[in-house]
Amino acid sequence: MPNSLTRDYVISARNLTKHYGDFAAVDDISFDVPAGESFGLLGPNGAGKSTTMRMIGGVSQRTSGSLSIMGLDPEQHGPQVRAHLGVVPQQDNLDEELRVRDNLIVYGRYFGLPLSYLKPKADELLEFAQLTEKAKSKVDSLSGGMKRRLTIARSLINEPKILLLDEPTTGLDPQARHILWDRLFRLKESGVTLILTTHYMDEAEQLCDRLVVVDKGKIMAEGSPSQLIREHSTREVLELRFGSERNTTVAAELQGIGDRLEPLPDRVLIYTHDGEAALEQVASRGLHPITSLVRRSSLEDVFLRLTGRSLVD
Amino acid sequence: MTNPPSAPSGVGAESAPPDATTTTAPPALRAHSPQVSADRAQRFGSWYYAEHALRVMNGYRWTLIAYSVGNPVMYLFAMGVGLATLVDQNSADAFGGVSYLAFIAPALLAAATIMTAATEFTYPVMDGFKWRRVYYGPHASPLAVHQIVNGYIIAITLRLVLMSAIYFGIVAAFGASPSPWGWAAVPVAVLCGLSFGLPLMAYSASVEEDKGQFALVMRFLVTPMFLFSGTFFPLTTLPIFLQWIGWISPLWHGTQLGRMLTYGYPVPAWLAVIHVVYLVALAILGWRLARRTYERRLGK
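Quick caveat: nothing in here was measured; it's all calculated off a predicted structure.

What counts and how
- Residues numbered from 1 in each chain as written.
- Chains lettered and ligands numbered in written order.
- Predicted model: local features only at pLDDT ≥ 70, side-chain atom pairs only at ≥ 80, totals over all residues.
- Helix = DSSP H or I, 4+ residues; strand = E, 2+ residues; numbered from the N terminus.
- Rg over C-alpha atoms; globule rule 2.2 N^0.38 Å.
- Buried ≥ 20, exposed ≤ 12 C-beta atoms within 10 Å, placed from the backbone.
- Contact = placed C-beta atoms within 7 Å.
- Expected span 1.5 Å × (residues − 1).
- Core = buried A, V, L, I, M, F, W, Y, C linked by C-beta atoms within 7 Å.
- Pairing = 2+ DSSP bridges.
- Axes fitted to C-alpha atoms, helices over the stretch in contact; angles between N-to-C directions.
- Parallel < 35°, antiparallel > 145°, perpendicular 65-115°, else oblique.
- Left-handed = near helix turned anticlockwise from the far one by under 90°.
- Nonpolar A, V, L, I, M, F, W, Y, C, P; charged D, E, K, R; others polar.

### What about the overall build of chain B?
Phase 1 of the analysis: Scanning chain B from N- to C-terminus turns up 12 helices and 0 strands.
Phase 2 of the analysis: In chain B, the succession of helices and strands from N to C terminus is α-α-α-α-α-α-α-α-α-α-α-α.
Phase 3 of the analysis: In terms of overall dimensions, chain B is more spread out than a globule: its C-alpha atoms have a radius of gyration of 25 Å, far above the 19 Å expected for 300 residues.
Phase 4 of the analysis: Projected onto its principal axes, the C-alpha positions of chain B cover 90 × 55 × 35 Å.
Phase 5 of the analysis: Buried residues in chain B amount to 43% of all 300 residues.
Phase 6 of the analysis: Sequence-distant contacts in chain B: of pairs separated by 6 or more residues, those separated by 24 or more amount to 80%.

What follows is the structure, given as structure tokens:
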């Protein structure tokens, strides 16, 4: 029975741990990813997401635990494991001395792919990445979003079934992010397993079927975005701003409204199933915030609840 | 339907399919299996990386060719023709009965490979690890770290071969290589470049931050070596307390071998063997160290 289960998982991690000296970057984490799923690691910078990705990618050795990619241990079968993957690293590492299209071809050669395959494939991927007009340009003339799309195109040159994306849209403007999300969504629809790290909750909500919330190398919670919100937060959130001086003092007078109260330096959050009703209660106590906002709970609230900190510092 | 009046089969039929195949997912365009990728990478990975490095070099091939031709012509004219007329007039026998041009030509050839190695194994290495991080791309592919090292060495070796061959051709055209064995100075010069370049590659891979170390290497390693390795005058004319610079310098060992080959400079067989062994040993040591440093740094 366990055998038939593990065979359906493209990635299985058990008690995965990575130490740098005394520091545990990844601390005893376990997870499984079935084929075709879009799986996310959500957490702040330094949570151990990239280290986990590098171990999955077969380029970093674990301290302990076990890891299996397509049934193979990346430490024993590095080239085989890496041949299955497409990798989009956190920092672009395109060869800026080569032209856009040549970056794809050169990368495909690392997989021993023949030029008869690579030339049409490179054109197809440039089309997919909306970079066809840039095929002959130098890489350094591309914008940040274009470089990112080229890196994604490069990662697809070997038609991988698993794509590792480490902070795919960090540093991009909103429009470039939406174009990228659209491309990633298409890949997901075509059956590619996506493993992505992010510290953007909207990205996690858009792209992930399931995710783990990680902090300080540990998994804090696991589930689909809606499941996590249901389990760890209320339906709605009332955000009140009383001015930076008063937020904490007013918090005491708000006790009893909603299910839970979260005073932050810049605002007070009231977790409740009915935000409007809570706002009426606030007013009935004679308190008048400068601004008030009722919204749905998000993964940001889940993270705040689990760790006591916000995602983006 | 009415548009194509002629060309019923031949031309039209042949030019149409490419458009059709690019729009609908072509069944022919399939990558081979990951297992095949892994097998090929394990067998030919070093060559794949060399191919990458050569494609980059191809981007500035005209600069490379102009340098490979211009550099020897410039040096041989200045030193071997200009300076030589003075030297040859004043000390006809000082250089073992050959012209000053013949004396310095093999030294300049060996020095040229060292200069090139000194640039190719410093800044580009730093670029790979730190600036543009180009090593991290192939590192995530089926290639192994040692194949990245080997591939780069293969590419630079090819560059050194091309450059030395051009250099030697020009030396020969100046009539400065009377011996029929002169061509063998080319592989010797390449070996000389690698014996200096590969230990330097290992060092460069260990540099975490550029604080001008490579400029220091050029100023305090390459330049003194160029000047004090019996390049422009026999090493024995230096006071004995400076001659050690020549003995440890790969340039001196390479130069002596080159002189033996281009104009029959008398070198006892045992010493010739020492020259070769010293150069090979330095190259192998540097290569092993570079592999280890790369593996440690990329696998962090």
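Moving on from the model shown.
### Here we look at the overall build of chain A
Phase 1 of the analysis: The secondary structure content of chain A amounts to 12 helices and 13 strands.
Phase 2 of the analysis: Principal-axis analysis of the C-alpha atoms places the extent of chain A at approximately 75 × 50 × 35 Å.

### A look at helix H12 (residues 269-298) of chain B
Residues and elements named next belong to chain B.
Phase 1 of the analysis: Along its 30 residues, H12 runs 43 Å from first to last C-alpha, staying within 8% of the 44 Å computed at 1.5 Å per residue.
Phase 2 of the analysis: All buried positions along H12 are accounted for by His275, Leu279, Leu282, Ala283, Gly286, Trp287, Ala290, Arg291, Thr293, Tyr294 and Leu298.
Phase 3 of the analysis: On its buried side, H12 packs onto helix H6 (136-139), helix H7 (145-173), helix H8 (185-206) and helix H11 (250-263).

### Some remarks on the nonpolar core
Phase 1 of the analysis: Counting residues in hydrophobic clusters, the biggest one holds 148 residues, and the most contacted among them are Ala153, Leu164, Leu194 and Ile195 of chain A together with Ala105, Leu109 and Cys192 of chain B.
Phase 2 of the analysis: If sequence neighbours within four positions are ignored, alanine 105 of chain B has contacts with Leu76, Gly80, Val171, Ala176, Ser177 and Thr262 of chain B.
Phase 3 of the analysis: The next biggest cluster of nonpolar side chains, apart from the first, holds 13 residues, and it includes Val237, Phe242, Ile270 and Val282 of chain A.

### Comments concerning the interface of chain A and chain B
Phase 1 of the analysis: Taken together, the contact between chain A and chain B spans 32 residues of the former and 33 residues of the latter.
Phase 2 of the analysis: Among the secondary structure elements, those contributing two or more residues to the side of chain A that touches chain B are helix H3 (78-84), helix H4 (100-109) and helix H5 (115-128) of chain A.
Phase 3 of the analysis: Looking at the side of chain A that touches chain B element by element, the count peaks at 6 residues for H3 of chain A.

### Quick look at the sheet that holds strand S2 (residues 23-34) of chain A
Residue and element names in this part refer to chain A.
Phase 1 of the analysis: Across the sheet, which stays open at both edges, the 3 strands sit in the order S2-S1-S4 with antiparallel pairing between neighbours. Each having just a single partner strand, S2 and strand S4 (64-69) make up the two edges of the open sheet. Between one strand axis and the next, the sheet turns by 15 degrees as a mean value, whatever way the strands run.
Phase 2 of the analysis: Bridge analysis of strand S1 (residues 9-20) against S2 gives 8 bridges, and the strand direction is antiparallel. Pairing of alanine 13 across the sheet is with phenylalanine 31, part of S2.
Phase 3 of the analysis: Contacts between helix H2 (residues 49-56) and the sheet are confined to S1, S2 and S4, with S1 contributing the most and set at about 120 degrees to the helix.

### Observations regarding the sheet that holds strand S10 (residues 236-241) of chain A
Residue and element names in this part refer to chain A.
Phase 1 of the analysis: The strand order S11-S12-S10-S13 describes an open sheet built from 4 strands, whose pairing is antiparallel. Looking at which strands have only one partner, the edges of the open sheet turn out to be strand S11 (260-263) and strand S13 (291-296). For this sheet, the mean inter-axis angle between neighbouring strands, taken without regard to orientation, is 20 degrees.
Phase 2 of the analysis: Bridge count for S10 against strand S12 (residues 268-272) is 5 bridges, and the pairing is antiparallel. Bridge pairing links leucine 238 to isoleucine 270 in S12.
Phase 3 of the analysis: Running at roughly 35 degrees to S10, helix H11 (residues 275-284) makes contact with S10, S12 and S13 of the sheet.

### Re unusual backbone geometry
Residues and elements named next belong to chain A.
Phase 1 of the analysis: Phi is positive for methionine 70, close to 50 degrees, though the residue is something other than glycine.
Phase 2 of the analysis: When you line up the elements, methionine 70 lands in the loop between S4 and H3.
Phase 3 of the analysis: A positive phi angle, near 50 degrees, is found at glutamate 159, a position not held by glycine.
Phase 4 of the analysis: Mapped onto the elements, glutamate 159 comes out in the loop between helix H6 (144-155) and strand S6 (162-166).
Phase 5 of the analysis: We classify glutamate 159 as partly exposed; it has 18 C-beta atoms within 10 Å.

### Side note on the environment of lysine 134 of chain A
All names here are of chain A.
Phase 1 of the analysis: Here lysine 134 shows up in the loop between H5 and H6.
Phase 2 of the analysis: For the pair lysine 134 and glycine 21, spaced 113 residues apart in sequence, the C-alpha separation works out to 45 Å.
Phase 3 of the analysis: Each residue touching lysine 134, except ones within four places of it in the same chain, is listed here: Val100, Leu142 and Met146.

### Description of the packing of H7 of chain B against H12 of chain B
Helix packing geometry: the angle between the two helix axes and the distance between the axes.
Residues and elements named next belong to chain B.
Phase 1 of the analysis: For the pair H7 and H12, the least separation of the axes is 9 Å and the interaxial angle reads 135 degrees. Comparing their axes, H12 and H7 come out oblique. Note that H7 runs across H12; the crossing there is right-handed. Every residue of H12 that contacts H7 at Val145, His146, Ile148, Val149 and Ile153 is listed here: Trp287, Ala290, Arg291, Tyr294, Glu295 and Leu298.
Phase 2 of the analysis: Here the residues of the contact of H7 with H12 sort into 8 nonpolar, 1 polar and 2 charged.

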